[in-house]
Amino acid sequence: MSRPAAPWILISLGLLLVLVVLGLRIGSFATDYAFIGRTLLHYNPQDPAQLALVELRLPRIMMALLAGASLAVSGYLMQAMVNNALADPYLLGTASGASLGAILCFSLLTNVTVAGIYLPPVAALFGGLVTTLLVVALGSQRGQLIPGQLLLAGVAISSLTAALGGLLSFLASSEGQLRTVVFWAMGSFERAGWDVLPYPAGALALALFLLVFLQKDLNVLLLGEERAQTLGVPVARTRWILVVLAATLTGCVVALCGPVGFVGLMIPHLTRWLLGVTGRANLLFCALLGADFLLGCDLLARLLYPPAGLPVGLITALFGVPFFVYLLRKKRVAL
């Protein structure tokens, strides 16, 4: 069943605008709406306050927006791929593999930008893709995915990559490298900047464009593998595409923001609850809802511990853990 999407999309867009404006106002120095308007319309880089607004606050807001949308869409794809309510980029090992790739860059390289290319997203993408493929291989039997086996394989591989990441942090050659890795590992948007925003923006735009052509197959997959095959969906090929897209989205976000958990678990459930399982606008609404959620979490993090704010990963965990327990206890989700 699907429900009208237009009202919810308009509400999510309105909420997005409100959160962006509030995010521009809150920080280490006070601003008002008139100042924000003047800055956006007549930007003067010689003004320190305007410079901070455009070069610090606005990139952070854009990073939170893109990260929330990317993680939400990635979780939606993961849950469709395995048809399991507990699936998300973290439980299936994608995020942990991406984290390991990024930590390798931060720990082993003195210069993470080569020939104008920022290497952590590239390494995170490779790590996330390799880890996801390994989990899929361990969770399959005779070419068929076994949801419970897949989730258990994800937990095992996530533990292994987390241990390797911890070892690299322990062996960090300098205090600066260790501080970078530790702060990044808690999840934050402090590394946001106009120079790195094209990575998650490009990945999200590409994924949404390709998923326009896969929307029907994606909805049918949510009804179960056997039904999807009966209806003519190329299940194996579709799942491989979803794996690559989910790894790409997660890798770009994790490389820049660190592991921000539970967004990909919660937002797809809220999307299907509000719009139904087979809504045509589900992916768009899921992206908007994810952006709203992570912008709200970042705003809350800055309000609780001004001016820098708490790591946003701590805030998402406060919402995500109770939601995860709710799925286990109330929904009786089976592995």
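Keep in mind the model is a prediction, meaning the values are calculated, not measured. For every chain, the first residue of the written sequence is number 1, and numbering continues from 1 along that sequence. Local features in this predicted model are restricted to residues whose pLDDT is 70 or higher, and side-chain atom pairs enter the listing and the counts only when it is 80 or higher, whereas totals over whole chains, interfaces and linings include all residues. In computing side-chain values, all of the structure's heavy atoms are included and hydrogens and water are not.

A. Structural context of the overall build of the chain. Assigned secondary structure in the chain consists of 14 helices and four strands. Relative to its length of 335 residues, the chain is compact, with a C-alpha radius of gyration of 20 Å against a globular reference of 20 Å. Along the first, second and third principal axes, the C-alpha set of the chain runs to 65 × 50 × 40 Å. With a 1.4 Å probe rolled over the protein chains alone, any residue whose accessible area is under 20% of its type maximum counts as buried; one over 50% counts as exposed, and the rest are partly exposed. Relative to its 335 residues, the chain shows a buried fraction of 53%. Residue exposure ignores everything except the shown protein chains as possible cover, and the areas themselves are Shrake-Rupley values with a 1.4 Å probe. When the accessible surface of the chain is totalled, it reaches about 15600 Å², and 70% of it is carbon and sulfur. When charges are tallied, Lys and Arg are placed among the positive residues and Asp and Glu among the negative ones, while His and the ends of the chain are skipped. By convention, the charge on Lys lies at NZ, on Arg at CZ, on Asp at CG and on Glu at CD. Charge-centre separation for the chain: the mean point of 19 positive side chains lies 12 Å from the mean point of 12 negative side chains. Under the DSSP-based scheme used, a helix requires at least four consecutive residues in state H or I and a strand at least two consecutive residues in state E, with every element numbered from the N terminus. Based on C-alpha atoms, the radius of gyration is set beside the globule rule, defined as 2.2 Å times the residue count to the power 0.38.

B. Seen up close, the pattern of salt bridges. Salt bridge criterion: a side-chain nitrogen from Lys or Arg within 4 Å of a carboxyl oxygen from Asp or Glu. Summed over all chains, the structure comprises two salt bridges. Between Asp-298 and Arg-60 there is a salt bridge; the shortest N-O distance is 2.7 Å. Remark: Arg-60 occurs in helix α3 (residues 48-82) and Asp-298 occurs in helix α13 (residues 282-304); sequence separation between them is 238 residues. Asp-298 sits in the buried class, given a relative accessible area of 1%. By relative accessible area, which is 10% here, Arg-60 ends up buried. By sharing partners, the salt bridges in this structure join Arg-60, Asp-298 and Arg-302 into a single network.

C. Fine view of the packing of helix α4 (residues 94-108) against helix α5 (residues 119-138). The interhelical angle for the contact between α4 and α5, taken along N-to-C directions, is 145 degrees, at an axis separation of 6 Å. Once α4 is placed against α5, the crossing between them reads as right-handed. Between α4, through Thr-94, Ser-96, Gly-97, Ala-98, Gly-101, Ala-102, Cys-105 and Phe-106, and α5, the contact on the second element is made entirely by Leu-119, Pro-120, Ala-123, Ala-124, Gly-127, Gly-128, Thr-131 and Thr-132. Its residues assigned to classes, the contact of α4 with α5 shows eight nonpolar, eight polar and no charged. Axis definition: a line fit to C-alpha positions, over the contact stretch in the case of helices; interaxial angles, taken between N-to-C directions, run 0 to 180 degrees. A crossing counts as left-handed when the near helix is turned anticlockwise from the far one by less than a right angle, and as right-handed when that turn is clockwise. Contacts were defined at the residue level, with two residues in contact if any of their heavy atoms lie within 4.5 Å. Nonpolar residues are Ala, Val, Leu, Ile, Met, Phe, Trp, Tyr, Cys and Pro. Charged residues are Asp, Glu, Lys and Arg, and all others, Gly as well, are polar.

D. Representation of a nonpolar patch on the surface within the structure. Taken together, Leu-160, Leu-164, Leu-167, Phe-170 and Leu-171 make up a surface patch of nonpolar side chains, about 540 Å² in accessible area. With respect to the secondary-structure elements, Phe-170 resides in helix α6 (residues 147-170). The class of Phe-170 is exposed, set by a relative accessible area of 70%. Put simply, a patch holds well-exposed residues, over 30% relative accessible area, that have no salt bridge, with like charges counted together within 9 Å and Val, Leu, Ile, Met, Phe, Trp or Tyr side chains within 5 Å.

E. Quick peek at helix α12 (residues 263-275). Take the number of residues in a helix, subtract one, and multiply by 1.5 Å to get its expected span. With 13 residues, α12 ought to run about 18 Å at 1.5 Å a step, and its terminal C-alpha atoms sit 18 Å apart, in line with that. Burial analysis of α12 places eleven of its 13 residues in the buried class, which makes it a mostly covered element. Burial in α12 covers these residues: Val-263, Gly-264, Leu-265, Met-266, Ile-267, Pro-268, His-269, Thr-271, Arg-272, Leu-274 and Leu-275. Buried positions along α12 lie against α1 (6-25), α3, α13 and α14 (312-329).

F. Region of interest: the layout of surface pockets. In this structure, the second largest pocket encloses a volume near 320 Å³. In this analysis the probe radius is 1.4 Å and the grid spacing 1 Å, with only protein atoms considered; a cavity is a set of points the probe fits into but cannot get out of, a pocket is an open set with protein on both sides within 12 Å along at least five of seven lines, and lining residues have an atom within 4 Å of a point. Looking at the second largest pocket, it is lined by 14 residues, and the ones nearest its centre are Leu-56, Arg-57, Arg-60, Glu-190 and Pro-307. At four residues, the largest contribution of residues to the lining of the second largest pocket is made by α3. Here the lining of the second largest pocket is composed, by residue class, of eight nonpolar, two polar and four charged. Grid points are joined across faces, edges and corners, and a volume is the space filled by probe spheres set on the points.

G. Just the environment of Phe-126, in detail. Note that Phe-126 resides in helix α5. Residue classification places Phe-126 among the exposed positions, given a relative accessible area of 59%. Phe-126 sits 24 residues away from Ala-102 along the chain, and the two C-alpha atoms are 9.6 Å apart.

H. Spotlight on the UniProt feature "transmembrane region" (unreviewed entry) in the chain. UniProt positions are given in the numbering used here, feature names are shortened, and annotations may be inferred rather than shown by experiment. Per the UniProt record, the feature "transmembrane region" (unreviewed entry) sits at residues 61-78, 90-109, 115-138, 150-172, 192-214, 240-267 and 308-328. In residues 115-138, the share of helix is 83% and the share of strand is 8%. The end C-alpha atoms are 37 Å apart. Along residues 308-328 one finds 81% helix and 0% strand; the C-alpha atoms at either end are 35 Å apart.

I. Highlighting the environment of Leu-283. Summarising the element assignment, Leu-283 is placed in helix α13. Judged by its relative accessible area of 5%, Leu-283 falls in the buried class. It is 16 Å that separates the C-alpha atoms of Leu-283 and Ala-87, two residues lying 196 residues apart in sequence. Beyond its immediate sequence surroundings of up to four residues, Leu-283 is in contact with Val-73, Tyr-76, Leu-211, Gln-215 and Leu-218.

J. Region of interest: the packing of α3 against helix α8 (residues 198-212). One can describe the packing of α3 onto α8 by two numbers: an axis separation of 10 Å at closest approach and a directional angle of 40 degrees. The chirality of how α3 crosses α8 is left-handed. Contact with α3, carried on its side by Met-63, Leu-66, Ala-69, Ser-70, Val-73 and Leu-77, involves Pro-200, Ala-201, Leu-204, Leu-208 and Leu-211 of α8 and no other residues of that element. Its residues assigned to classes, the contact of α3 with α8 shows ten nonpolar, one polar and no charged.

K. Region of the structure containing the side chain of Ser-158. Residue placement: Ser-158 occurs in helix α6. Judged by its relative accessible area of 14%, Ser-158 falls in the buried class. Leaving out residues up to four positions away in the same chain, Ser-158 has contacts with Tyr-90, Gly-93 and Ser-96.

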